[in-house]
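Understanding the architecture of this molecule
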2 protein chains.
Amino acid sequence: MKFEIDTLGIIRSPYKEKFAIPRQPGLVKSARARLELRPPYDQPDVLRGIEQFSHLWLSFVFHQTMAQGWHPTVRPPRLGGNERVGVFATRSTFRPNPLGLSVVELHGVGRERGKLWLELGAVDLLDGTPIVDIKPYIPYADSLPDARGGFAPDAPTPPLAVNFSPEAEQQLQPWLKAHPELRLLVSEVLAQDPRPAYKKGKPDDKEYGVRLFDCNVRFRISEPSCLVLAIEPAQ
Amino acid sequence: MKFEIDTLGIIRSPYKEKFAIPRQPGLVKSARARLELRPPYDQPDVLRGIEQFSHLWLSFVFHQTMAQGWHPTVRPPRLGGNERVGVFATRSTFRPNPLGLSVVELHGVGRERGKLWLELGAVDLLDGTPIVDIKPYIPYADSLPDARGGFAPDAPTPPLAVNFSPEAEQQLQPWLKAHPELRLLVSEVLAQDPRPAYKKGKPDDKEYGVRLFDCNVRFRISEPSCLVLAIEPAQ
């Protein structure tokens, strides 16, 4: 049996590429986003009373990786990228139905010039992600602090201390007008160590880049430090 | 943008009709179920390591009500069935994409004669429900005990004391061979008061019936009590 589902809204977030997106939404607190509702779902009525809830569940589509299909087993980064587990024992993107699930903070409802959106905090969602469902977080039903968390029992401790080079510090300034949270965002995103698992624990002189908003953040990692080299306009 | 999603598996549960299904999965502890995987997803590899987790998120399709479409606002039973709130401020079935979300206990993986299934506890899912995703519950990310729960801040206290008539008690006995948990299940399901909200708080001499497994449970409610009148084979 197959079902057709429609895009209810689109995420607008600082994450312009999959690289460096945190594994769960709460890990990078300053990654704020918007969920813009699309017609015919952009009626204020559909959100009536939603501000009573502090958090929402978003069901979304892994639109950038869905064409790659699914695999019966995957190698989660939490296990160092070597050990294989079943796809349903993970939240990997490479699943039979490309559905993701994220709990996000709700900061409010916005409405202007015929547009309707939700203001969200701390997302792990790529800019442009199609949202297919919005549900309130109900703590009495959803919060199970004693659940057994398998290979992800605790939140990963951000392993890196992030420093800005004098050049990056200077380049950062003009961006702060449009994105006052950018300094914190860069720090939180890079502190997670976004490199592939096989790079970790070894000397690494590679220069990496990640796109956040419209800027390209260049950095180098020498564990346990990360140096932000430059913050430049993205091409 | 529309997406096609496939049925990965089917729920086998005691609930044969929508009436009397609890609002959330944890409320009726003895409603155990199976999730039977379907080809081509019924490969043991897809579940490798899943027993490390005590709970799973199931995304499912509200298959029995989806043909009825969606409404911008709904009247949740929690608000007495009178007050309207936006559909995205609820988990109502009448949503644009007929997707449901349930956290369920995982009791184990079963495999026999080419069939592969998950043993689940405490579900709120109709027999035959199509499952479209299975993800592990990750407590560090998913458990937010301090979230604000809006109009559903606490679990509803089961309002009714359930008693069995001598006739029902006698009729129950043969069913217990196939379903040892049936007595408890009937008690837990009826204790919630499954009647429509407008019936509550008034004298009610109507006789109700609910189908659990292959039996029809007949009962009458005189608040704060519920009397089970009969347990008969369902037609």
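This one's a predicted model, so the numbers in the text were calculated from it and none came from an experiment.

Counting from both sides, the interface comprises 73 residues of chain A and, opposite them, 73 residues of chain B. The contact between chain A and chain B buries some 7100 Å² in all, and 61% of this surface belongs to carbon and sulfur atoms. At the surface where chain A touches chain B, the tally comes to six salt bridges. For A:K2, the salt bridge identified is with B:E4, shortest N-O distance 3.9 Å. At the surface where chain A touches chain B, the tally comes to 43 residue pairs in polar contact (both at pLDDT 80 or more). The greatest single-element share of the side of chain A that touches chain B, amounting to six residues, is contributed by strand β9 (residues 130-136) of chain A. The class makeup of the residues in the side of chain A that touches chain B is 42 nonpolar, 15 polar and 16 charged.

Turning to helix α2 (residues 166-178) of chain B, a few remarks are in order. Residues and elements named next belong to chain B. At L172, α2 shows its maximal kink, close to 35°; a proline, P174, follows between one and four residues later. Among all positions of α2, only A168, L172 and W175 are buried. In this structure, the buried side of α2 is in contact with β10 (161-164), α3 (182-191), β12 (215-222) and β13 (225-233).

Attention shifts here to the packing of aromatic side chains. If you walk through the whole model with that rule in mind, you get 13 aromatic pairs over all chains. Seen from their ring centres, A:F19 and A:Y208 are 6.4 Å apart, and the 25° between their planes marks the pair as stacked. Residue A:F19 is located in the loop between β2 (9-12) and β3 (33-37), and its partner A:Y208 is located in strand β11 (residues 207-212); the two are separated by 189 residues in the primary sequence. Ring centres 5.1 Å apart and planes at 80° place the aromatic pair B:F60 and B:F62 in the edge-to-face group. Through pairs of rings, three or more aromatic residues link up here, namely A:W57, A:Y137, B:W57 and B:Y137. The residue whose ring lies beneath A:R183 is A:F164, and the NZ or CZ to ring-centre distance is 4.2 Å.

Bringing the sheet that holds strand β4 (residues 55-61) of chain B into the picture now. Residues and elements named next belong to chain B. Here six strands make up a closed barrel; going around it, the order is β2-β3-β8-β7-β4-β9 and the pairing antiparallel. Pairs of neighbouring strands in the sheet enclose a mean axial angle of 45°, with direction left out of account. Here five bridges tie β4 to strand β9 (residues 130-136), and the two strands are oriented antiparallel to one another. When the bridges of β9 are listed, F60 appears paired with I131.

Time to look at the UniProt feature "domain: TsaA-like" (unreviewed entry) in chain A. UniProt records the feature "domain: TsaA-like" (unreviewed entry) for residues 5-146 of chain A in the present numbering. For the annotated span residues 5-146 of chain A, helix accounts for 3% and strand for 35% of the residues, and the straight-line distance between the end C-alpha atoms is 34 Å.

Residues and elements named next belong to chain A. One can read the domain layout of chain A as domain 1 (9-142) and domain 2 (161-233). A straight line from the C-alpha centre of domain 1 to that of domain 2 covers 24 Å. In this complex, domain 1 contributes 13 residues to the contact, which on the side of domain 2 involves 17 residues. For the pair domain 1 and domain 2, the two sides together bury roughly 1300 Å², of which 65% comes from carbon and sulfur. When the area that domain 1 buries against domain 2 is broken down by residue, the three leading residues are K16, F19 and S30, summing to 40%. Our count for the contact surface shared by domain 1 and domain 2 stands at six residue pairs in polar contact (both at pLDDT 80 or more). Of the residues assigned to the side of domain 1 that touches domain 2, the class counts are seven nonpolar, three polar and three charged.

Attention shifts here to the pairing of β9(A). Residue and element names in this part refer to chain A. For β9, a buried count of seven out of seven residues is recorded, marking the element as mostly surrounded by other parts of the structure. Where β2 and β9 come together, two bridges link them in antiparallel fashion. Looking across to β9, one finds that G9 is bridged to I131.

Evaluation of the coordinates by the stated rule reveals 34 salt bridges over all chains. With its nearest N and O atoms 3.6 Å apart, the salt bridge here joins B:E207 to B:R220. Of this pair, B:E207 sits in strand β11 (residues 207-212) while B:R220 sits in strand β12, placing them 13 residues apart in sequence. By relative accessible area, B:R220 is classed as partly exposed at 36%. Salt bridges sharing common partners tie together A:D193, A:R195, A:D204 and A:E223.

A few words on the sheet that holds β10(B). Strand pairing in a sheet relies on backbone hydrogen bonds. The paired strands run either parallel or antiparallel. All names here are of chain B. As summarised here, the arrangement of the four strands in space is β10-β13-β12-β11, forming an open sheet in which the pairing is mixed. Edge positions in the sheet fall to β10 and β11, since each has one partner strand and no second. Across this sheet, the average inter-strand angle for adjacent strands is 35°, counted without regard to direction. As defined by bridge partners, β12 adjoins β13 across eight bridges and the pair is classed as antiparallel. When the bridges of β13 are listed, F219 appears paired with V228. Contacting β10, β12 and β13, α2 runs over the sheet at an angle of about 45° to β13. Along the sheet, α3 contacts β10, β11, β12 and β13; its crossing angle with β10, the most-contacted strand, is approximately 135°.

What counts and what doesn't
- Residues numbered from 1 in each chain as written.
- Chains lettered and ligands numbered in written order.
- Predicted model: local features only at pLDDT ≥ 70, side-chain atom pairs only at ≥ 80, totals over all residues.
- Heavy atoms only, no water.
- Contact = heavy atoms within 4.5 Å.
- Buried area = accessible area lost by both parts, 1.4 Å probe.
- Salt bridge = Lys/Arg side-chain N within 4 Å of Asp/Glu carboxyl O.
- Polar contact = N/O pair within 3.5 Å; in protein donor to acceptor, adjacent residues only side chain to side chain.
- Helix = DSSP H or I, 4+ residues; strand = E, 2+ residues; numbered from the N terminus.
- Nonpolar A, V, L, I, M, F, W, Y, C, P; charged D, E, K, R; others polar.
- Bend = angle between axes of the 7 residues up to and from the residue.
- Buried < 20%, exposed > 50% of the residue type's maximum accessible area, 1.4 Å probe, protein only.
- Phe/Tyr/Trp six-rings, centres within 6.5 Å; stacked < 30°, edge-to-face > 60°.
- Lys NZ or Arg CZ within 6 Å of the ring centre and 35° of its normal.
- Pairing = 2+ DSSP bridges.
- Axes fitted to C-alpha atoms, helices over the stretch in contact; angles between N-to-C directions.
- UniProt positions renumbered as here; feature names shortened; annotations may be inferred.
- Domains from an automatic or database assignment.

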